[in-house]
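Structural features, examined
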Amino acid sequence: RIGEDGKTYTKEEFLNKFHDQQKWQDSKEPEHDDRPKWTIKDFCGLRLGEVVADSFAPQNAKDDPDWQIAFMRTLGRKGSVELVKGLLQSQDVVTSLANEIFECAKEISAAAAATGE
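Summarised in this report is the structure supplied together with it. Being a predicted model, the structure only gives us computed values, none of them experimental.

The next point concerns the overall build of the protein chain. Counting its secondary structure elements, the protein chain contains seven helices and zero strands. The secondary structure elements of the protein chain, listed N-terminal to C-terminal, are α-α-α-α-α-α-α. Burial analysis of the protein chain (117 residues in total) assigns 18% to the buried set. Partitioning the contacts of the protein chain with sequence separation of at least 6, the portion at a separation of at least 24 is 45%.

In structure tokens, the structure reads:
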């Protein structure tokens, strides 16, 4: 944040210099035009995709790319949306996704950039 002297400080630096928590809350945040806007998709998307992919791939295909492509090709040729839904439900993907989303939320809640600390 920007202090009353016009310099930019971390919370720790600001409190060490000005010794007043209230002034930290009143100070102005510097602009960060050069960084992209934060999104859930960017922060959690890859991890959520991995949860889904890991949940429906057959156990013997987890470490075998050739088996994985054969599985997906067969699924595409002979499967259905109902079959995919059944695979996802049988692996309790909703619980796995909920756990991963909660982990993402805990990480962002403690991140210095998100908390200002």
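Here the narrative resumes, following the displayed structure.
It is worth spelling out the side chain of serine 55 at this point. Summarising the element assignment, serine 55 is placed in helix α3 (residues 40-56). Judged by its relative accessible area of 11%, serine 55 is buried. A distance of 2.7 Å separates a polar atom in the side chain of serine 55 from the backbone oxygen of valine 52.

Among the structural elements, phenylalanine 14 can be located in helix α1 (residues 11-18). Considered as a pair, phenylalanine 14 and glycine 3 are eleven residues apart in the sequence and their alpha carbons are 7.1 Å apart.

Further remarks concern the pattern of salt bridges. With the rule as written, the count across this model stands at four salt bridges. Its salt-bridge partner being glutamate 82, residue lysine 85 comes within 3.5 Å of it at the nearest N-O pair. Here lysine 85 pairs with glutamate 82, and both are found in helix α5 (residues 81-90), just three residues apart, close to one helical turn. Classification of lysine 85 by relative accessible area gives partly exposed; the value is 38%. We note a salt bridge from glutamate 103 to lysine 106, for which the minimum N-O separation is 3.0 Å. Of this pair, glutamate 103 and lysine 106 both sit in helix α6 (residues 93-110), separated by three residues, roughly a single helical turn.

Quick look at α1 now. Taken residue by residue, α1 has Lys11, Phe14 and Phe18 as its buried positions. Projected down its long axis, α1 carries its buried residues within an arc of 65°, all on one side. Summarising the geometry of α1, the exposed residues directed more than 90 degrees from the buried face are Glu12 and Asn16.

Here α3 crosses α6 at 155°, and the two axes come no closer than 10 Å. It follows that α3 is roughly antiparallel to α6 by the angle criterion. Crossing of α3 over α6 shows right-handed handedness. On the side of α3, the interface is formed by Phe43, Cys44, Arg47, Leu48, Val51, Val52 and Ser55, while α6 contributes Val93, Ser96, Leu97, Glu100, Ile101, Glu103, Cys104, Glu107 and Ile108. Class assignment for the residues of the contact of α3 with α6 results in ten nonpolar, two polar and four charged.

Another point: the environment of isoleucine 40. Looking at the element boundaries, isoleucine 40 is found in helix α3. The spacing of isoleucine 40 and alanine 105 is 65 residues in sequence and 9.3 Å in space, taken between C-alpha atoms.

Parameters at a glance
- Residues numbered from 1 in each chain as written.
- Predicted model: local features only at pLDDT ≥ 70, side-chain atom pairs only at ≥ 80, totals over all residues.
- Heavy atoms only, no water.
- Helix = DSSP H or I, 4+ residues; strand = E, 2+ residues; numbered from the N terminus.
- Buried < 20%, exposed > 50% of the residue type's maximum accessible area, 1.4 Å probe, protein only.
- Contact = heavy atoms within 4.5 Å.
- Polar contact = N/O pair within 3.5 Å; in protein donor to acceptor, adjacent residues only side chain to side chain.
- Salt bridge = Lys/Arg side-chain N within 4 Å of Asp/Glu carboxyl O.
- Arc of directions from axis to C-beta.
- Axes fitted to C-alpha atoms, helices over the stretch in contact; angles between N-to-C directions.
- Parallel < 35°, antiparallel > 145°, perpendicular 65-115°, else oblique.
- Left-handed = near helix turned anticlockwise from the far one by under 90°.
- Nonpolar A, V, L, I, M, F, W, Y, C, P; charged D, E, K, R; others polar.

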